[in-house]
Amino acid sequence: MASQVSDEILPSPGNISPNSPTNSGGQIPLEQPPKLKGRQKLLQSLQRMSSSPTLTRRGRSSSTTSYRRDNKASLSCVSLSSTSYSPCLGNGSSSQLYGSLNPRPATPGCSNSPGEPQGTNARIRLMDTDGPGFTTPRTVPLPFDVRPASRGSPRTATPVGVKVEKEVILPESQPAKTLDFWGGMPQELKIEIFQYLTPQEIVCCSSVSKTWNEMCYDGQLWSKVDTTEYYSRIPSDVLVKLITAGGPFVRDLNLRGCVQMREKWSTDGERISDLCRNVVNFSLEGCRIDKASIYSFLLRNSRLEYINLSGLTSVTNSAMKVIARSCPQLETLNVSWCNHVDTTGLLRIVQSCKRLKDLRASEIRGFKDEKFTLALFERNTLDRLIMSRTDLTDSSLKMLIHGENPSMDILTDRPIVPPRKFRHLDLHHCPEVSDDGLKSLAHNVPELEGLQISQCSDLTDESVMNVISTTPKLSHLELEDLDNLTNITLVQLAESPCAQNLEHLNISYCESLSDTGMLRVMKNCPKLRSVEMDNTRVSDLTLMEASFRIRRRGYSDELPKVGLRLMIFDCANVTWAGVREVLSSNAYIPRASRKPVSTVVTVTQTSDAGSSPETSTFVTPASSPSPSPAPTYANEVIQLKCFYGWQMTVDEHTKRVLRGDLAAASRLDRKWAEYMVATEEAGATGAGARRRRRRAREAERLYNEDEDENDGYGVGSISALGGRRRRAQSGSSCIVM
């Protein structure tokens, strides 16, 4: 291969015309040539670019050989190439590459083409670059994307025999991506997850990081601030932060019993009122708050539907005026035990709040004012009205039910008025209400579900029977401490239309009521859930009837639930035998469930003589292995509240039944019965007293033992005879127990 040479343009000595031939030294004249056009201008520009130092700074690779493609010269060969260069191309023409520039032949045998003019071509002198003085790169090639292609060939094609050096740019190494499950989760999902936590847990999570702190005090998490479960443990500063964090998101604000907020209301009450403007349910029962804070909060929350201000001494008739003016959507108002509120303030609310459905005004003065009860009659939107412990009279109660001067029905002698919408009516401890006023409820409250007339001492059977016979939806009836009530009322209750819906009955301290009426009630009221019979004359018969009715509610494979609650404190006619009947009934398993399964096998035998086949039947005995039946439990059981000396045993027995351990419950029942029998025998006098006492101590020992649980149940708590036998101690005085 020929030695590498470098292309260099040398200055010409003397004035030489650009059209004149080159001198013998092969130099190109330095005078400015005339303006070139077309191909010559392009080649001159390429030659200027190839000698520019910019290409060196770009770090282009060196070209080593002359380029050919399809036996044609490439314009990209105009470079500072160091290889031996021959202008004799395969096609015999060098004008395709250089135009009017004719390089000096590298060998003497190579001459110009005959078709090219010799006098008009500039000459390129080839300089040898192999000497030690040349340290710069020998070639600076043009970028391939800007190299012009030959005629008729695509621009992006690579010349034949050319080695193209491609510069591969490797991507920068990036660290492996780790899955951030919590960080990549949308904010909405995070808030949704936090909503499953309790307020105490959210406050604990706020100390994890700053991000979690901001998230835990997001207003969307505190749309409901209910301090019922933690009002006594939360500091006032944290509570104020929760309320202000919720701000406009807070809809339910229950601060019942938060007395620690007393000082905060005076300092931060205005800020709380400004931020919380969308509250719907608001409760301050038992709080300590000043009047200004109450007024400010009520004036800024026009969407209030539920307000509970019971027991606040700072609430007056002025607060009722503010509520009537700023809370048109009010539905429930509780101002019970507000000593500075009377019916004068409530009258404004009844007249202004057209959607009022629930008014609770226990111990509020002024119910004897017929003007207020007449306003309630004209409104007729109340579902619940609580007037307990008030000065309600018969005339005001009639005004509430009949209105003023109603027209009378000639046939029935009853006032013709629209029926009242009351569903719950509480008149307990209204001493001025008698039969005359209570009779006005008959036929006028058909939707009544709950009636409380306890401690109205003047009421008798007549008025009570008139009401319960005309209220078919009655489910809760409170008749506590009515001395004039007799069993006739209970019999009438059992035969009335409401017997099928009755769930709760309270006849405590009605000393005239006995088994005569209660047996009918237990039999005819299948939905009973709670019966209070303290200080009455009921006996074990009522308990036995209740146990029988509960067993008839069915059995299943699921664990039992409490279906009936009986309270029989201080009932003189109830003995431990009746209590044991209830306990045995709770652990009772039907006989069908306890019967073992017998297997019947039929075998047919045929003799060889062709006689008729003989059939034999075998019944496996009960002792043979067979699949045991699934455990069966009562659907509902009785929870009993009785004499305090028996209550521990009753509670333990009920726990065992509810967790499905019927065997342990039956064992406890049997031991307790033996203990009670021995205790009764030990109390008798006469022959064999020592033997009965010894048997009582043995029964007590067996009763206190628990074969399954070594917890010493009943030891030291139930002892009829003082536990083990006492031994005399020397040097000590006698102690009389």
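Right above here is the structure, for reference.
A quick note: this is a predicted structure, and the numbers were derived from the prediction, not measured.

Caption draft 1: Highlighting the overall build of the chain. Helix and strand counts for the chain come out as 23 helices and 23 strands. The 737 residues of the chain split such that 42% are buried. In the chain, 70% of the contacts between residues at least 6 apart in sequence involve partners at least 24 apart. Accessible surface, the chain: about 40,600 Å² in total, of which carbon and sulfur atoms supply 51%.

Caption draft 2: Broad picture of the environment of Ser 407. The residue Ser 407 is located in the loop between helix H13 (394–402) and strand S13 (424–426) in this model. The partly exposed category is assigned to Ser 407, whose relative accessible area is 44%. Residues Ser 407 and Val 417, ten residues apart in the sequence, show an inter-C-alpha distance of 7.8 Å.

Caption draft 3: Representation of the nonpolar core within the structure. In terms of nonpolar packing, the biggest core is built from 128 residues, with Met 320, Ile 323, Leu 333, Leu 346, Met 518 and Leu 566 touching the most fellow members. Per-element tally for this core: the top contributor is helix H10 (residues 317–326), with five residues. With near-sequence residues (within four places) excluded, Ile 323 lies in contact with Leu 298, Ile 307, Leu 309, Leu 330, Leu 333, Ile 349 and Cys 353. Counting residues in each nonpolar core, the second largest holds seven residues, with Ala 587, Ala 634, Val 657 and Ala 665 among its members.

Caption draft 4: Quick look at the packing of helix H15 (residues 461–468) against helix H16 (residues 487–495). The geometry of H15 relative to H16 is characterised by a closest axis approach of 10 Å and an angle of 10 degrees between their N-to-C directions. Accordingly, the angle class assigned to the pair H15 and H16 is roughly parallel. Facing H15, whose interface residues are Asp 461, Val 464, Met 465 and Ile 468, H16 presents Ile 488, Thr 489, Gln 492 and Leu 493. Residue classes in the contact of H15 with H16 are distributed as five nonpolar, two polar and one charged.

Caption draft 5: Structural view of the packing of aromatic side chains. As enumerated under the stated definition, the model contains nine aromatic pairs in all. Here the aromatic rings of Phe 643 and Tyr 644 are separated by 4.6 Å at their centres, their planes lie at 55 degrees, and the arrangement is tilted. Consider the rings of Phe 643 and Trp 646, whose centres lie 5.5 Å apart with planes at 75 degrees: the pair is edge-to-face. With a relative accessible area of 38%, Phe 643 lands in the partly exposed category. Feature note: the residues Trp 576, Phe 643, Tyr 644, Trp 646 and Trp 672 constitute an aromatic cluster, connected by ring pairs. Across the ring face of Tyr 588, the terminal group of Arg 551 is positioned such that the distance to the ring centre comes to 5.6 Å.

Caption draft 6: Quick look at the pattern of salt bridges. Going through the model one piece at a time under the given rule, you end up with 18 salt bridges. Measuring nitrogen to oxygen at the nearest pair gives 3.6 Å for the salt bridge that ties Arg 277 to Asp 274. Classification of Asp 274 as partly exposed rests on a relative accessible area of 33%.

Caption draft 7: Structural detail: a negative patch on the surface. Judged by side-chain charge, Asp 369, Glu 370, Glu 378 and Glu 404 come together as a negatively charged surface patch. If you trace the backbone, Glu 370 turns up in helix H12 (residues 370–379). The class of Glu 370 is partly exposed, set by a relative accessible area of 32%.

Caption draft 8: The packing of helix H9 (residues 291–300) against H10, seen in detail. In contact at an axis separation of 9 Å, H9 and H10 are set at 10 degrees when each is read in the N-to-C sense. One element, H9, and the other, H10, form an angle in the roughly parallel class. Two secondary-structure elements touch here, H9 through Tyr 295, Leu 298 and Leu 299 and H10 through Ser 318, Ala 319, Val 322, Ile 323, Arg 325 and Ser 326.

Caption draft 9: The side chain of Ser 585, seen in detail. Summarising the element assignment, Ser 585 is placed in helix H19 (residues 576–586). Since its relative accessible area comes to 6%, Ser 585 is described here as buried. A polar atom in the side chain of Ser 585 sits 3.5 Å from the backbone oxygen of Ser 547. Non-local contacts of Ser 585, meaning those with residues more than four positions away in its chain, are made with Ser 547 and Arg 551.

Caption draft 10: Structural detail: helix H8 (residues 262–275). Its 14 residues give H8 an end-to-end C-alpha distance of 19 Å, which sits within 8% of 20 Å, the value for a rise of 1.5 Å per residue. For H8, the principal kink sits at Asp 268 and spans about 70 degrees. Residues of H8 that are buried make contact with helix H7 (236–246) and H9.

Caption draft 11: Fine view of the side chain of Thr 343. Along the chain, Thr 343 falls in helix H11 (residues 343–352). Here the side chain of Thr 343 touches Gly 366 through a polar contact of 3.0 Å, landing on its backbone oxygen. Setting aside residues up to four positions removed in sequence, Thr 343 forms contacts with Ile 364, Arg 365, Gly 366, Phe 367, Asp 369 and Phe 372.

Reading guide: rules and limits
- Residues numbered from 1 in each chain as written.
- Predicted model: local features only at pLDDT ≥ 70, side-chain atom pairs only at ≥ 80, totals over all residues.
- Heavy atoms only, no water.
- Helix = DSSP H or I, 4+ residues; strand = E, 2+ residues; numbered from the N terminus.
- Buried < 20%, exposed > 50% of the residue type's maximum accessible area, 1.4 Å probe, protein only.
- Contact = heavy atoms within 4.5 Å.
- Areas by Shrake-Rupley, 256 points an atom, 1.4 Å probe, with all protein chains shown as cover.
- Core = buried A, V, L, I, M, F, W, Y, C linked by side-chain atoms within 4.5 Å.
- Axes fitted to C-alpha atoms, helices over the stretch in contact; angles between N-to-C directions.
- Parallel < 35°, antiparallel > 145°, perpendicular 65-115°, else oblique.
- Nonpolar A, V, L, I, M, F, W, Y, C, P; charged D, E, K, R; others polar.
- Phe/Tyr/Trp six-rings, centres within 6.5 Å; stacked < 30°, edge-to-face > 60°.
- Lys NZ or Arg CZ within 6 Å of the ring centre and 35° of its normal.
- Salt bridge = Lys/Arg side-chain N within 4 Å of Asp/Glu carboxyl O.
- Patch = residues over 30% accessible without salt bridge, like charges linked within 9 Å, V, L, I, M, F, W, Y side chains within 5 Å.
- Lys, Arg positive; Asp, Glu negative; His and termini not counted.
- Charge placed at Lys NZ, Arg CZ, Asp CG, Glu CD.
- Polar contact = N/O pair within 3.5 Å; in protein donor to acceptor, adjacent residues only side chain to side chain.
- Expected span 1.5 Å × (residues − 1).
- Bend = angle between axes of the 7 residues up to and from the residue.

By themselves, these figures tell us nothing about what the structure is for.
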